[in-house]
Amino acid sequence: MSARYTHGHGPAVLEGHSRRGALDSAGYLLPRLHPGMDLLDVGCGPASITADLAELVAPGRVVALDASPAALEAARATLEARGLLDRVELAAGDVFALPFEDGAFDVVHAHQVIQHVDEPVAALAEMRRVARPGGTVAVRDAVYSAMSWFPRPEGMDLWLSVYTATARANGGEPDAGSRLLAWTRQAGLTQVVASASTWCFATERDREWWSATWAERCLTSFGPQACEIGLATADDLEAMAEGWRQWGASEDGWFTVVHGEILGSA
């Protein structure tokens, strides 16, 4: 990807991504899957979603692709732990130049990828290229401006402002989920079905995890990038992290993430 990846691939990010699965992150796609389908997962990260999808389409071909060596190492570990290393191919590459022939897959999937690229229509057109005629391109991305939480400790509004500014400075679009319908139409996909779904973090366990991962990202992933490009100071990073810690410690803590989703035909 030509845009800089705002989250980076540090331990906090990869661990957080490894909690995702097909049910909570690709539910909109599942009714279209059946055994024997060939599937490409673009930007697979630690492959926790890929592993679930691979089990659903077995014995079809499944490829997990990522541009990051660290992500591919995490993917290998996930697949080995799940007993799927011989079922899923690992491939290095990016969404603008997928190393596959035209029409190679029945399903081309990307979760939280398009928000990080600087030419989303070109990325989606490349995904369409490697999908078979009548095949499915499935994409899901967050809408940061639609995120909502309670209570609102000092520092969390600053977090959202700094994160979205950093993502845009890196060439991405943190509200990509709301633009997927427009972009997929421009990319030439047809019979596009748009939907939305959410993550909600409100249990003690979820609050503890969600607040901890974002506090760490403030300090070690997007936060240092924000300082590097002049969008935040070291004091700002600590204020944002502390806001997350306070939210996570509240018994009333509630946070929702809105995602836009599309299913399009090649």
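Use the structure listed above.
The structure displayed is predicted, hence computed values, not measured ones.

**Student:** Please explain helix α5 (residues 120-129) as it appears in this structure.
**Tutor:** Residue pairs three or four apart in sequence face the same way in an α-helix, which turns once every 3.6 residues. If you check which residues of α5 are buried, you get Pro-120, Ala-123, Leu-124, Glu-126 and Met-127. Looking down the long axis of α5, one finds its buried residues gathered within 155° of arc, a one-sided arrangement.

**Student:** How do you make sense of the packing of aromatic side chains when you look at a structure like this?
**Tutor:** Remark: the centre distance and the inter-plane angle together describe each pair of aromatic rings, the angle taken between the planes. Counted under the stated rule, the structure contains 21 aromatic pairs. Aromatic side chains Trp-159 and Trp-244 sit 5.0 Å apart centroid to centroid with 80° between the ring planes, which places their arrangement in the edge-to-face category. With Trp-159 in helix α6 (residues 156-169) and Trp-244 in helix α10 (residues 234-249), the pair connects residues that are 85 residues apart, well separated along the chain. Owing to a relative accessible area of 0%, Trp-159 belongs among the buried residues under this scheme. According to the relative accessible area criterion, Trp-244 is buried, its value standing at 0%.

**Student:** I tried to follow the state of the cysteines on my own but got confused; where do I start?
**Tutor:** Disulfides are covalent bonds that link the sulfur atoms of two cysteine residues. Summed over the entire model, instances satisfying the criterion amount to zero disulfides. Here Cys-227 is not cross-linked by a disulfide; its sulfur's nearest cysteine counterpart is in Cys-218, at 11 Å.

**Student:** What should I look at first to understand the pairing of strand β2 (residues 62-66) in this one?
**Tutor:** β2 sits mainly inside the fold: five of its five residues count as buried. Taking every second residue as pointing to the same face, both faces of β2 are buried, with Val-62, Ala-64 and Asp-66 on one and Val-63 and Leu-65 on the other. In terms of strand pairing, strand β1 (residues 39-42) meets β2 through four bridges, oriented parallel. Counterpart to Val-42 in the pairing with β2 is Leu-65. Handedness of the β-α-β unit built from β1, helix α3 (residues 48-57) and β2 comes out right-handed. Both β2 and strand β3 (residues 88-92) contribute to a ladder of five bridges, which runs parallel. Counted as the bridge partner of Ala-64 is Leu-90 from β3. The β-α-β motif built from β2, the intervening helix α4 (residues 69-81) and the parallel element β3 has right-handed crossover chirality.

Cut-off values and rules
All residue numbers refer to position in the chain's written sequence, counted from 1. Whole-chain, interface and lining totals are the exception, using all residues; otherwise, since this is a predicted model, local features are given only for residues with pLDDT of at least 70 and side-chain atom pairs are given and counted only at 80 or more. Side-chain numbers come from the whole structure's heavy atoms, not from hydrogens or water. Whether a residue is buried, partly exposed or exposed follows from its accessible area with a 1.4 Å probe, protein chains only, as a fraction of its type maximum: under 20%, in between, or over 50%, in that order. Working definition: helices are DSSP H or I runs of at least four residues, strands are E runs of at least two. Numbering for both runs from the N terminus. The arc in question is the one traced by the directions running from the helix axis out to the C-beta atoms. To pair, rings of Phe, Tyr and Trp, with the six-membered ring standing in for Trp, must have centres within 6.5 Å; the planes then decide the type, stacked if under 30 degrees apart, edge-to-face if over 60, and tilted in the middle. Sulfur atoms of two cysteines make up a disulfide when they are within 2.5 Å. Note: two strands are recorded as paired if DSSP finds a minimum of 2 bridges between them. Whether a crossover is right-handed depends on one test, that the path from the first strand over the helix to the second runs clockwise when the strands point away from the viewer.

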